[in-house]
Amino acid sequence: MNSSLPLAVNDLTVAWHRKPVIWDVDIEVQPGQLVGVVGPNGAGKSTLLKAIMDLVPKASGRVEIFGQSYRQSRHRVGYVPQRESVDWDFPISVLDVVTMGLYGKIGWCLPVRRKHRDIALRALEQVGMSDLANRQISQLSGGQQQRTFLARALVQDADLYLMDEPFAAVDAATEKAIVEILRDMRKAGKTAIVIHHDLPTVPEYFDAVVLLNMRVVACGPTKDVFTRENLERTYGGRLTLLDEATEAMRRRERTL
Amino acid sequence: MSGLENWSWAYDGWIVLAGMLCAVAASLPGNFLLLRRMSLLGDAISHAILPGLAVAFFVSESRSSWPMFLGAVIVGILTALFTEWIRNFGDVDEGASMGVVFTTLFAIGLVLIVQAADHVDLDPGCVLYGAIEMTPLDTLNVAGQPIPRVVIVLGAVTLVNLLFVVLFFKELKLSAFDPALATSVGFSARLMHYLLMVIVAVTAVASFETAGNILVVAMFVVPPATAFLLTERLGVMIFCSAIIAMLSAGLGHLSAVFLPHAFGFQSTSTSGMMALCAGMLFFVASLVSPRNGVIVRIVRRQKLALRILSEDLIALLYRMDERARDSAVSPQKLSAVLRSHTWLAAWLMNRHVRTGHVIPSESGYRLTEAGRQLGSVLVRSHRLWEQYLVSEGGVAVDRIHGQAEKLEHFTNRELRDRLDEITAAPATDPHGSRIPSEHK
């Protein structure tokens, strides 16, 4: 147990209908780092983040955040889900979405007050969207939606951020803004774990990478780990034999 | 016969009040069912509580509210649990698992009630269609006043639902919008889900005597759906849905009493008319919705068509001006080339005269300097697009004009500059026409 380590994952396995989605994952994340999680589609990247936050059941394994369980330290964790995971026709304003990041602090049944809205407005300013605070969210562009989510993460004022593809399909200006905010976070001693798709920008954006394809192919400082050989192992070889074995198991179960 | 002599405040007033309370009580949680895209679960629960009602009735041998509430709430939660369970283990989608659960439970309830109908006082017709007309007959004394039992029950449920929505507004909003975030910050989305289901079940039980088991579904779904069309804010939407619910109830009873008389029939079922009125209000809202109502869409499309035609006129004048400097063009010629009505072209040209883009003369219209600038911007956009489509998209030269004709109206300065950059600042378009340069 190490309370200074933002995230320690031991032997984590998550299965869906007995088929492992991530398998025997071991990760340690050092404080004050930007960590990229890279891997092909279906490699279990989102599942990893969700399992860290107890949003999907673990088949086995342990997750420690600052040396404690997620439940105990959830006020120190900020989550930025995939943009497509929510309904953007929902009848609320940009400011409403950002204040949602404060609901945990406000607590059950208490209303959102002016000071909370002020915090949210400041966060919107930080991501360059203060003039859109009262916009209905369905009128936002993809990049603006992502900035809204980012502002929501900022008001959470967490020490560990988990971000699910914040760079997916955003314009160049938004990408730059996100990178800047990530660097500010790092300067403030915060840690961010970011699922990322665009391989060429990995060395520029991230201090460390986790190469994931069901299991962890490699994990460590970007300059040591982000190599052609490791990438080939990540994107080339799925554990096909393991897939076959679980498939055989399922078939056997059905014919019994 | 107007039917007016059938109206009495002491009688109809209570019916309207009961209808309104029922409608408001159902529409309040209905908003969140709608936003979670599970309106059907309200339907499922309100049907599935039937066996709960029946069993509670057998056990307690009375129609008093408490055992019935309890039975129905238990079955209501079971419905939500079973639905999720079947979806996970049966590997079918939510709609199918809901269909399995609620039809099965409903059938059990129906069998129980029909079996019992001979010797007990629980009438399937009343359960299915409601008996709002009976409201004023069954009263309790409150502070010396006889108040219908149904009104008291529905009033209490409306109050509970209102408190629920107000107290948990923030939690309901978050867990409906982003359940993952809600759960990860400590407001279990699952807990909120089951709380909502309890409220839905309670509301369905309280309403089944009034609106009937089937029509209460209309009140869960239709007022929130109508309100959703009218506003972009959750708080306003909930408020609107309550108003629409009350309107449906009031209009429903009025039209049930008066409308059939206008055609010489007896008055008809109030709960049926309530649902019908709600449906009509939804229809009206879908016409006038400010976001994407039918009328707004027609107006927007017409406005856009007019703007495009008005710009096309200027671009056409510019092209003709290119060929023969300072030539005047008659409105007949303009409308013939653009295939528009002559009067429409003439009207738009008059507007251009007022804004100083063209000057009329005896032989036709002539561009002013401002008009020539506007025209050159349009033509520049058009020809840059043509160049772009050919050089970057590899589109055949004979097929680019139509595309560019549309795109030119949606191209601003920034986009033009980028087109210019990508196509390496061409002097002419693929047809060989000169591309006008940008104004400073």
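Before reading on, note that the structure itself is shown above.
The structure contained in this document is the topic of the report that follows. (Residues numbered from 1 in each chain as written. Chains lettered and ligands numbered in written order. Predicted model: local features only at pLDDT ≥ 70, side-chain atom pairs only at ≥ 80, totals over all residues.)

Here F177(B) shows up in helix α7 (residues 169-177). Residues within four places of F177(B) in sequence aside, it is in contact with V86(A), F90(A) and I92(A). (Helix = DSSP H or I, 4+ residues; strand = E, 2+ residues; numbered from the N terminus. Contact = placed C-beta atoms within 7 Å.)

Our next topic: the packing of helix α6 (residues 142-156) of chain A against helix α7 (residues 172-187) of chain A. All names here are of chain A. Interhelical geometry of α6 versus α7 gives an angle of 15° and a closest axis separation of 9 Å. Taken as axis vectors, α6 and α7 run roughly parallel relative to one another. For the element pair α6 and α7, the recorded crossing hand is left-handed. Residue-level contacts link G143, Q146, R147 and L150 of α6 to A173, T174, A177, I178 and I181 of α7. (Axes fitted to C-alpha atoms, helices over the stretch in contact; angles between N-to-C directions. Parallel < 35°, antiparallel > 145°, perpendicular 65-115°, else oblique. Left-handed = near helix turned anticlockwise from the far one by under 90°.)

Residues and elements named next belong to chain A. The 6 strands are arranged β5-β6-β7-β3-β8-β9 in an open sheet whose pairing can be described as mixed. Edge positions in the sheet fall to β5 (77-80) and β9 (215-221), since each has one partner strand and no second. Within this sheet the neighbouring strands show an average axis-to-axis angle of 15°, counted without direction. Where strand β8 (residues 208-213) and β9 come together, 6 bridges link them in antiparallel fashion. If you follow V210 over to β9, its bridge partner there is C219. In this fold helix α1 (residues 45-52) packs onto β3 (34-38), β6 (160-163), β7 (191-195) and β8, with an angle of close to 145° to the strand it touches most, β7. (Pairing = 2+ DSSP bridges.)

Another point: helix α6 (residues 149-167) of chain B. Residue and element names in this part refer to chain B. Between its first and last C-alpha, α6 extends 27 Å over 19 residues, near the 27 Å set by a 1.5 Å rise per residue. Every buried residue belonging to α6 is among V150, V151, V153, L154, V157, T158 and N161, and all of these are buried. In a view along the axis of α6, the buried residues occupy a sector of 160°, so they form one face of it. Relative to its buried face, α6 has exposed residues pointing more than 90 degrees away, namely L159, L163 and V166. (Expected span 1.5 Å × (residues − 1). Buried ≥ 20, exposed ≤ 12 C-beta atoms within 10 Å, placed from the backbone. Arc of directions from axis to C-beta.)

A word on the interface of chain A and chain B. With 19 residues of chain A at the contact, the number on the chain B side is 22 residues. Residues that form the side of chain A that touches chain B fall into these classes: 14 nonpolar, 4 polar and 1 charged. (Nonpolar A, V, L, I, M, F, W, Y, C, P; charged D, E, K, R; others polar.)

The next subject is unusual backbone geometry. Both trends apply: most residues other than glycine have a negative phi, and most peptide bonds are in trans. Phi at D54(A) is positive, roughly 60°, even though this residue is not glycine. With respect to the helices, strands and loops of the structure, D54(A) is situated in the loop between α1 and β4 (60-65). Overall, D54(A) belongs to the partly exposed group, with 15 C-beta atoms counted inside 10 Å. Unusually for a residue other than glycine, A424(B) sits at a positive phi of about 60°. Note on A424(B): 8 C-beta atoms within 10 Å, which makes it exposed.

This brings us to the sheet that holds strand β1 (residues 7-16) of chain A. All names here are of chain A. Across the sheet, 3 strands lie side by side as β2-β1-β4; this open sheet has antiparallel pairing. Pairing within the sheet leaves two strands with one partner each, and these edge strands are β2 (19-29) and β4. Averaged over all pairs of adjacent strands, the angle between strand axes in this sheet comes to 20°, irrespective of strand direction. Taken together, the 5 bridges between β1 and β4 define a ladder with antiparallel strand orientation. Bridging across to β4, T13 finds its partner in S60. Here α1 sits on the sheet and contacts β1, β2 and β4; the angle it forms with β1, its principal contact strand, is near 115°.

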